[in-house]
Amino acid sequence: SRNPPARRPRRSTASATQYEEDAFNSSDIKIGSLTELHHMMKIDNSLSRAMRNAIIHAGVLARKKDELYGTPTFIGVDGRTYPDLRLAFGKYANMKQCAVCKQRVQGAFYCRLKMMHIDVPDWDCTGHGGETDNLETLRKFFHTSIDELEGTQGKWELNSNDENGKKRSRRERDSQRSVPATGNGVIVNNISIDTLGEDLLYLVASFIPTLQQLVSFCQVSKRSHNLLYNSIHSENLFRGMFQRSFGNSVTLGDFERNLNWRERWGVIRGIRRGLVKESRRNTRVIPFAKDERRVGPQSLKLRTTLGVLNELDESDSVYYDNPEFASVATNPNPCVGYFGLDILFLPKPPNANSDWKPPVVVRGDFPGILIMSSIEKTVFKGEYDTDLGERQPNERRTDVVSVGDGDGGQVLALIQCDVTEATMDLEKNQKCPPCCFIGYASGMVAAVTATLCDDGRNYDFNISASHLAHSEELTALTFVNCSYSLKKDKPVLFSADCGGKVYFYPDALNADKGFSMERSVLALANDDGRPILSLASTVIHSKFHSYSVLCTGSDRGNIRVWQKADVNLHTLSALGKNKFRSVQSCKCSTNRGNSHHIVTRMVFMYNQLLVTGSNSGDLRVWQLKCFENKHRTGDAEVPKLTLRNELSNNHITGAIEFLANVGDLLIASGGNNGELICWDINTGLKLGSLDCHIGRPINGDRTLRSCVVEVFLDGKDGRIITLCRDGVLNQWEFKKYAIGIV
């Protein structure tokens, strides 16, 4: 009989390591196969890690030499030439595509190499902050020249120990590696860094533009690490980076007023991480049980609904966002619900209690505005609150003060004034400045003034002045800087209406004129008379001049940029039709199938970023810049918008009703799904969403939801409170991160 073939003995761990070293040192075999590569990469050891770096190295070199097309080969760490770099990069580079390329069904090879998306995290946000060490390695190779890449091809070391088995220091390994140490785009030499003084090193670090590059730069040596975390320059470095990233004003509201820059940065990071974790779990971040959650010493409970409107009106307002079901409403003319919730940031009264909080203004489907004592009294039930029991269907809350409930109708717009203790400390014969302006559905604009009570513990509110300039429904209010040189802030009140006209009130904020609203001046008007439904303004500074810019949004989806004439306020009021001139017109959406696009919301954020929202859920981020004027002989430059990001419109299936930013986070809501969605403004990637409405049952077999109309952010306590159109309240908690942990 034939002898059976000899069975190949199984290799031990020691022999396997010897096999890897023999394969690495072998010079006879020059061609490798994909099968051998697969067997090599499925074992996590020094050989597979070095081979992964060789694959990334070869991919970057092919991209720089424009050799990605076809089936390029690459040289492995063992000296062999392996086929199909595209397949090897996709399977073994341990990188995923970004969220945008994921939606386009494009792989990591196309995303990271061809499109060079090297600063965007993986689509599922794995790793530290959505990044992996291999993505950092990819960046280092992209910041290396072709000559250095060709010289180091296939020369990655297998082990971190030398020939004698002694572990080498980090400086020795960096000095022997051919690829220079980098700081995320900033190529540094840690040997030369250690020779610099602390003051000179601070000057070098202050020019680094982003936080990620700053942290990477300060990790290359112990001296630079101490500069960032343990030196007297640490505070200035972080504060300067924060202002360069988000500007002097991050957001408006309670988040901006009662937090310093370091606390605000920690809040931004906490919200970002909470939303990312929320999207991965597909559940709420940290939901509060309304029956068990306690806030503060008074054992406050979150209300189920706001309760300013009665229960029937709150229930019927859900049909505004669901008009197809309006036929089943109990009221033939259902209530529109709530429009917004604003905190009036007034100085603390001299005799107020230690727990005094700013008052809150509620706007909705009722005449005038309703003012409540604080946000806690507005959304929480106190221990001694008489409204703890069940309300009757027609019963409304009684702890509110009505202001301006005359013939003006509903208040559709509100804008706050900057009221400080200096402006409130006036002589008896002088008139108090307005704390806010409100715009009615009738077209009237009114000033609301806060005066101290007799006991000095709180404020009384009343309408101090009003003016009816518009013949159509008022839609938006804003302040425009109308000073001559624009070096000083001289805000002037502007208002827009459905007739396509914009008026301004020269004396509304002038103390010498007694904050009078008797005079209004037409600033601009649409040529076709189309409605102006949104309004925003800013001041942009160029190399040679500064410009006051006004942006308007119409019902045709047009975003128009208007430039103010370079004159003072008195001359501007006397001019004819040239107060503002239109310098640009662009569209709020690329969807040409529907011609009835409406620019429902627009707001200027930090660094001259304009965000616009439409009635079809389209969100666009624009960058306002000054460009050379090639068509006029007057101004050398002209401000114009350029599209920076177009956010996907499949997240919001209705009109955008709420827009706000928290640092570089854009928060928006609209439609009828009751979600609050957050994007990264810089990258345009969706970070996560919050489900803010559980649904109202109708006819027993269906539930309807409404959109979020207001968001309250409490940075001190680390909570987010949302208000929906039908009064539904929800609360979330987020963890505040220390800025030193980056």
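Residues numbered from 1 in each chain as written. Predicted model: local features only at pLDDT ≥ 70, side-chain atom pairs only at ≥ 80, totals over all residues. Heavy atoms only, no water.

Trainee: Could you clarify how one ought to interpret the overall build of the chain in this entry?
Mentor: Within the chain, the secondary structure is distributed over 20 helices and 33 strands. Across the 742 residues in the chain, those meeting the buried criterion constitute 50%. Per element, the accessible surface of the chain, about 36,600 Å² overall, is 47% carbon and sulfur. (Helix = DSSP H or I, 4+ residues; strand = E, 2+ residues; numbered from the N terminus. Buried < 20%, exposed > 50% of the residue type's maximum accessible area, 1.4 Å probe, protein only. Areas by Shrake-Rupley, 256 points an atom, 1.4 Å probe, with all protein chains shown as cover.)

Trainee: Any chance you could explain the sheet that holds strand β22 (residues 609–614) here in plain terms?
Mentor: Remark on secondary structure: sheet strands pair via backbone hydrogen bonds, oriented parallel or antiparallel. Reading across the sheet, the four strands line up as β21-β22-β23-β24 and stay open at both edges, with antiparallel pairing between neighbours. Looking along the sheet, the strands with just one partner apiece sit at the ends: β21 (599–604) and β24 (637–647). Here the average twist between neighbouring strands, direction ignored, is 25 degrees. Of the pairings in the sheet, the one linking strand β23 (residues 619–628) to β24 comprises ten bridges and is antiparallel in character. Residue pairing across strands places F627 opposite V638, the latter belonging to β24. (Pairing = 2+ DSSP bridges. Axes fitted to C-alpha atoms, helices over the stretch in contact; angles between N-to-C directions.)

Trainee: Looking at this model, I keep getting lost on the sheet that holds strand β10 (residues 434–440). Mind explaining?
Mentor: Taking strand neighbours across the sheet as the criterion, the four strands line up as β9-β10-β11-β12 in an open arrangement whose pairing is antiparallel. Bordering the open sheet on either side are β9 (411–416) and β12 (459–468), each of which pairs with just one other strand. This sheet shows a mean twist of 25 degrees between the axes of neighbouring strands, independent of strand direction. Pairing geometry for strand β11 (residues 444–452) and β12, over nine bridges, is antiparallel. What sits directly across from L452, in β12, is Y459.

Trainee: What am I meant to see in helix α3 (residues 46–64) here?
Mentor: The α-helix advances 3.6 residues per turn, and as a result positions three or four apart in sequence lie on the same side. The first and last C-alpha atoms of α3 sit 27 Å apart over 19 residues, in line with the 27 Å expected at 1.5 Å per residue. With 16 of 19 residues buried, α3 is to be regarded as a mostly interior element. The backbone nitrogen of L47 has a side-chain oxygen 3.2 Å away, supplied by the residue at the start of α3, namely N45. Count one or two residues on from α3 and you reach D66, which has phi positive near 60 degrees. (Expected span 1.5 Å × (residues − 1). Polar contact = N/O pair within 3.5 Å; in protein donor to acceptor, adjacent residues only side chain to side chain.)

Trainee: Just to check I follow, could you spell out the confidence of the model for the chain for this structure?
Mentor: Mean pLDDT for the chain: 77, with 76% of residues reaching 70 or above. Note that residues 5–29 has pLDDT below 50 and, in this model, eleven contacts with residues that lie over four places away or in other chains. Segment residues 157–189: pLDDT under 50, and 51 contacts once partners within four positions in sequence are set aside and those in other chains are kept. (pLDDT = per-residue confidence, 0-100. Contact = heavy atoms within 4.5 Å.)

Trainee: What am I meant to see in the packing of helix α13 (residues 222–229) against helix α14 (residues 234–246) here?
Mentor: For any two helices packed against each other, one specifies the crossing angle of their axes together with the interaxial distance. Look at α13 against α14: their axes get within 6 Å of each other, and the N-to-C directions meet at 75 degrees. Judged by the inter-axis angle, α13 sits roughly perpendicular to α14. Residue-level inspection shows L227, L228 and Y229 of α13 in contact with α14, the latter providing S234, L237 and F238. Looking at the contact of α13 with α14, its residues break down into five nonpolar, one polar and no charged. (Parallel < 35°, antiparallel > 145°, perpendicular 65-115°, else oblique. Nonpolar A, V, L, I, M, F, W, Y, C, P; charged D, E, K, R; others polar.)

Trainee: Is there a simple way to think about the side chain of S554 in this case?
Mentor: Summarising the element assignment, S554 is placed in strand β18 (residues 546–554). What makes S554 buried here is its relative accessible area of 6%. A polar contact of 3.3 Å, which involves the side chain of S554, links it to the backbone nitrogen of R556. In this structure, S554 is in contact with N526, P531, H597, I598 and V599, ignoring residues within four places of it in sequence.

Trainee: So what exactly am I meant to see when it comes to the pairing of strand β31 (residues 708–714) here?
Mentor: Two faces, one strand: in a regular strand the side chains alternate between the faces of the sheet. Where burial is concerned, most of β31 is hidden: seven out of the seven residues are buried. Adjacent in sequence and paired antiparallel, β31 and strand β32 (residues 719–724) are bridged by four residues, among which G718 carries a positive phi angle near 70 degrees.

Trainee: Any chance you could explain the environment of S573 here in plain terms?
Mentor: Structurally, the position occupied by S573 is in helix α20 (residues 569–574). Note on S573: relative accessible area 16%, which makes it buried. For the pair S573 and S520, spaced 53 residues apart in sequence, the C-alpha to C-alpha distance is 9.0 Å. Contacts of S573, omitting those with residues within four sequence positions, involve F504, P506, R519, V521 and K579.

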